[in-house]
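Here's the letter readout for the chains.
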Amino acid sequence: MGTSVDEKKPRLGLETLGELIRLPGLNVFLTSTKELFSWAEKSSLWPLSFGLACCAIEMMATFASRFDLDRFGVIARASPRQSDLMIIAGTVTIKMAERIKKLYNQMPFPKWVIAAGSCAISGDHYRHIYSVVPGVDWVIPVDVYVSGCPPTPEAFMEGIIRLQRIITEGKTKPHLNTAYNKIEQETLKAKPQKTLDIPKTGTYILPGEVPAFARDLRERGFDFLTYITAVDYVDTLDVAYNVRSLENNEEQTWKVSLEPSNPIVPSITSMYKGAEWHEREAYDLFGIDFTGHPDLRRILLPDDWQGYPLKKSYLMDTPKPPYRPSRKEYEAWKKE
Amino acid sequence: MEERVIEREFGEFALNMGPQHPSTHGVFRLELHLRGETVVKVIPHIGYLHRGVEKLSETLDYDILPPVYERDDYLSPTANSLAFVLAVEKLAGIEVPKRASYLRVLVAELQRVTSHLVWLGTFGLDLGGALGGGSTLFLYCFREREKILDLLEALTGTRFHTNMNQIGGVRYDVYASFDGDLSQTIGYLKKRISEYKDMLENNPVFLKRTKGVGVVRPELAKEVGASGPVLRGSGVAYDIRKNKPYSDYTEFEFRIPVGRNGDAYDRYRVRLEEMFESLSIIHQVMEGLPEGPIHSRKPVKIALLLKPPKGEAYAAVESPRGELGVFIVSDGSSKPYRVKVRSPSFSNIALIPYILPGHLIADAVAILGSLDPVFGDVDR
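Presented here is a report on the structure given in the accompanying data block. Since the model is a prediction, treat every value here as computed from it, not as a measurement. Each chain carries its own residue numbering, running from 1 in the written order of its sequence. Key to labels: chains lettered from A, ligands numbered from 1, both in the order written. Totals for whole chains, interfaces and linings use every residue, but because this is a predicted model, local features are given only for residues with pLDDT of at least 70 and side-chain atom pairs only at 80 or more, for both listing and counting. Hydrogen atoms and water are omitted, and side-chain values are computed over all heavy atoms in the structure.

## So, the pairing of strand 7 (residues 237-245) of chain A
All names here are of chain A. Counting buried positions over the nine residues of strand 7 gives nine, a clear majority of the element. A simple rule labels every residue: compare its accessible area, found with a 1.4 Å probe on the protein chains alone, to the largest value its type can have, and call it buried under 20%, exposed over 50%, or partly exposed in between. Where helices and strands are cited, they refer to DSSP runs of H or I of at least four residues and of E of at least two residues respectively, numbered from the N terminus. Residue alternation in strand 7 divides its side chains into two sets, L237, V239, Y241, V243 and S245 and D238, A240, N242 and R244, and both sets are buried. If DSSP finds at least two bridges between two strands, the strands pair. As paired strands, strand 6 (residues 224-232) and strand 7 are joined by eight bridges and run antiparallel to one another. Across the sheet, D232 pairs through a bridge with L237, a residue of strand 7. Between strand 6 and the antiparallel strand that follows it, strand 7, lie four residues; V234 among them carries a positive phi value of about 65 degrees. Judged from the nine bridges that link them, strand 7 and strand 8 (residues 250-258) form a sheet pairing that is antiparallel. Opposite L237, over in strand 8, you have L258 as the bridge partner. What sits between strand 7 and strand 8 in their antiparallel hairpin is a turn of four residues, with N249 showing a positive phi close to 55 degrees.

Here you go:
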């Protein structure tokens, strides 16, 4: 195993079982069966193959040729029913937290959880973002934390060895945060922003002219839709469009200024099929209503989300119970 | 919401695939409506990895942001930070030394090879038993990828989030024996990738699973805004490196591989050829690496307060997945007022509702794999 073994602690490797076999009447001792079972459990950890973000790539590398987790008895399974270990490798979002909880509940006992990487541990630099759960221990209990951004394969292996030691010692103390209820309603509004004198350059047209303008460009060979996005200038809400003509290597950007209280603009999905997702994103994050869009609903955030996050009036660290604590609760937990 | 996951209505069978599924390449959910084994309608659901970098950017200084962007598209991290620093440099009018530009190209092209290797390996997993037990190709590709990661680790200290690009230059210079290490690796990779090419293109099962599967017409690809190998697989020779050159790409000679039919096989061919082209660019970078400084501003350990003038800028790079653009609006302060990331994967997987219907359910995995989405990039 390569790890130093303390004499007082239960031993890790095969020799534990060897001693047991040599003892007569082995099975009657409760402690011994416990040791036997934990030896079996630690030697064939089957994780759920389940990656979230960057850490999952390093997890895959750990499973692959050079590092080869198979020699630890670790073989990834695609079904939670066949797994006893869940490696949370990546950032946990509120939309995903429900699924993670469901998957965790589908796993049979005994089961363990490794939180790999700083996002799964604490949310890392995304911890104060509206859609992110600051650490998976706000969702499911965690046994082992593996640090790194992303953790190297060596760190993953160290995490597995640490979990094996926990299993042998039988001292599982999973960590789960449960303090979330109070939301200070008054903190939910960001401070009103001053109107900034950013020069609004580019071709501005009226909202009503958008379909005709887009159709004209489409007929002139601008058939590649690059992006549709919006900018919240507080006094106006601007939508920017960019289309290209790949044959002539030309591009055209145009903008529309909308009233922030009632942002309505005609959709261009009939000219550009790609506009469907881009317009849904602008609706999701800015609340812009594209009239004539065939299926205007949220795309990135859950369907029941309140508010439009990229507006300047939306507070970045808006809490969302039960998985996302308020900033105060998070700070209190950090002090603990 | 979950209640209608498996239902029967009008003889159609709705099947839920993901967000936890080994072949969705991340957290992605497909609602497949089937008639028998044929897909008749598909509704993709994204947003399971929405981390709000665009909102986060509004609260952080410019110099802190490149490493944050590297977490977006985690298979080619430098492409993200490169797009961001190019946009800021455009906005603030910062010149970049030639050596820094060359080193940016070096790391970007190395990561293009690693990204395509991960793609090839996981595509092998998707196609399953056809390729020698499924995981053969995966294990091979990850073995070759480690060679490049070793180089990057020696160069920058990390395996793939290199933190190489900074506003005004790059953070690390090449070390003395780098040239030798690199040419050895390039030789090794060329040999190995040619082997995989022969292995796959003479495999009748591989050909049957990819040829004629998931055909994307060029008109559809353009209208949806698909870019990168997906667009080029459909026969449109559009590459940001050629059409809107950045970072001294004009000084290197390389081909743009183009497909003919727009099927999964053509997308595979484009990516495979691109790996050889990237290796050739890397060779040219090391041949012609100019002397000089690697940073036009002082290399920063702590954040300097960069305050670009008011205005807006858009810069795009060719990431392994396509056009990755960053649109910045500055209000003259040390933090961006608004950042929009135009991600290639977002537009590429918007193709799914148009190309999946009519195919068998087994092909759904092959088609999704051939589009090569990265969900950090889709959801941002």
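## Here we look at the layout of surface pockets
Residues are said to line a cavity or pocket when one of their atoms sits within 4 Å of a point; the points come from a 1 Å grid over protein atoms alone, cavities being sets where a 1.4 Å probe fits but cannot get out and pockets being open sets with protein on both sides within 12 Å along at least five of seven lines. Grid points are joined across faces, edges and corners, and a volume is the space filled by probe spheres set on the points. As a volume, the largest pocket reaches approximately 990 Å³. As for the largest pocket, its lining consists of 39 residues, of which S49(A), M60(A), P22(B), L125(B) and F138(B) are closest to the centre. Where the lining of the largest pocket is concerned, the elements lending two or more residues are helix 3 (54-63) of chain A together with helix 4 (98-127) and helix 5 (135-156) of chain B. For the lining of the largest pocket, a count of residues per class yields 24 nonpolar, 10 polar and five charged. Amino acid classes used here: Ala, Val, Leu, Ile, Met, Phe, Trp, Tyr, Cys and Pro are nonpolar; Asp, Glu, Lys and Arg are charged; the rest, including Gly, are polar.

## Considering the packing of aromatic side chains
Aromatic pairs are defined between Phe, Tyr and Trp rings, using the six-membered ring for Trp, whenever the two ring centres lie within 6.5 Å; interplanar angles under 30 degrees are classed as stacked, those over 60 as edge-to-face, and all others as tilted. Under the defined criterion, the tally for this structure stands at 23 aromatic pairs over all chains. Aromatic side chains Y233(A) and Y337(B) sit 6.1 Å apart centroid to centroid with 15 degrees between the ring planes, which places their arrangement in the stacked category. Taken as a pair, Y233(A) in the loop between strand 6 and strand 7 and Y337(B) in strand 9 (residues 336-342) lie in two separate chains rather than in one. When its relative accessible area of 3% is taken as the criterion, Y233(A) is described as buried. Ring geometry for W277(A) versus F346(B): centroids 5.6 Å apart, planes at 65 degrees, classification edge-to-face. In this pair, W277(A) is assigned in helix 8 (residues 275-286) and F346(B) in helix 12 (residues 344-349), connecting two distinct chains. In this structure, W277(A) and F346(B) share a single accessibility class: buried. Every member of this aromatic cluster is reached through a ring pair, and the members are Y102(B), Y246(B), Y249(B), F252(B) and F254(B). In this analysis the charged atom, NZ for Lys or CZ for Arg, is taken to sit over a ring once it is within 6 Å of the ring centre and within 35 degrees of the ring normal. Just above the ring of F160(B) sits the side chain of R145(B); from NZ or CZ to the centre is 5.5 Å.

## Section: the pattern of salt bridges
Residues and elements named next belong to chain B. Whenever a carboxyl oxygen of Asp or Glu lies within 4 Å of a side-chain nitrogen of Lys or Arg, that contact is scored as a salt bridge. Tallying each qualifying case throughout the model produces 41 salt bridges over all chains. The salt bridge involving E277 is made with R255; its shortest N-O contact spans 3.4 Å. Placement of the pair is E277 in helix 11 (residues 264-287) and R255 in the loop between helix 10 (240-243) and helix 11, with a sequence separation of 22 residues. By relative accessible area, E277 is classed as buried at 14%. A single network of salt bridges, built from pairs that share partners, joins E109, R112, R232, D239, R241, E274 and E318.

Remember that the coordinates give geometry; whether it matters functionally is a separate question.
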